[in-house]
Amino acid sequence: MAASSVRSRRRPAGAVVHRATKPSLTTNLSRLALSRPARTAYVVIGTAGLAALAIALVGPKRLGREVLRPLRGAIEPQAEKLWADSRPLRQQIAGLFQSATPTGRERLVRSFQSWIGHFHAT
């Protein structure tokens, strides 16, 4: 009789569930340090450091006189031309948003976000 009561207390046969072990601190830190946002931060910090070094070596006035002004002079006309050339497209997009219903506007926003994300990724 004692044997039958022991058998009734046994758990039913089934799959053994293995619990996932918690990743170590080193694993978490290395995963975080090698992630895409971390690499982006490294690039931004490195670029800012190099810019600060250039300003310290050359001097802010000389940097503005010899680098920034000529660069602005070369880029500004092209940027203004691109902005002027894109005016019809900007007006067309603004017209789409104005004429859309609220639900249609949400769909347009999602569509444009998807398009911009695709354009940005390529």
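Refer to the structure presented above.
Residues numbered from 1 in each chain as written. Predicted model: local features only at pLDDT ≥ 70, side-chain atom pairs only at ≥ 80, totals over all residues. Heavy atoms only, no water.

Chemist: I'd love a proper account of the pattern of salt bridges, names of residues and values included.
Modeler: A full pass over the atoms with the stated rule returns three salt bridges. Here R62 ties to E66 by a salt bridge, and the two come within 3.3 Å at their closest N and O atoms. Here R62 pairs with E66, and both are found in helix α4 (residues 60-85), just four residues apart, close to one helical turn. For R62, a relative accessible area of 42% translates into the label partly exposed. When its relative accessible area of 45% is taken as the criterion, E66 is described as partly exposed. (Salt bridge = Lys/Arg side-chain N within 4 Å of Asp/Glu carboxyl O. Helix = DSSP H or I, 4+ residues; strand = E, 2+ residues; numbered from the N terminus. Buried < 20%, exposed > 50% of the residue type's maximum accessible area, 1.4 Å probe, protein only.)

Chemist: Tell me about the packing of aromatic side chains, and please be specific about residues and values.
Modeler: Tallied over the full model, the rule gives one aromatic pair. The ring centre of W83 lies 3.7 Å from the NZ or CZ of R90, which sits over that ring. (Phe/Tyr/Trp six-rings, centres within 6.5 Å; stacked < 30°, edge-to-face > 60°. Lys NZ or Arg CZ within 6 Å of the ring centre and 35° of its normal.)

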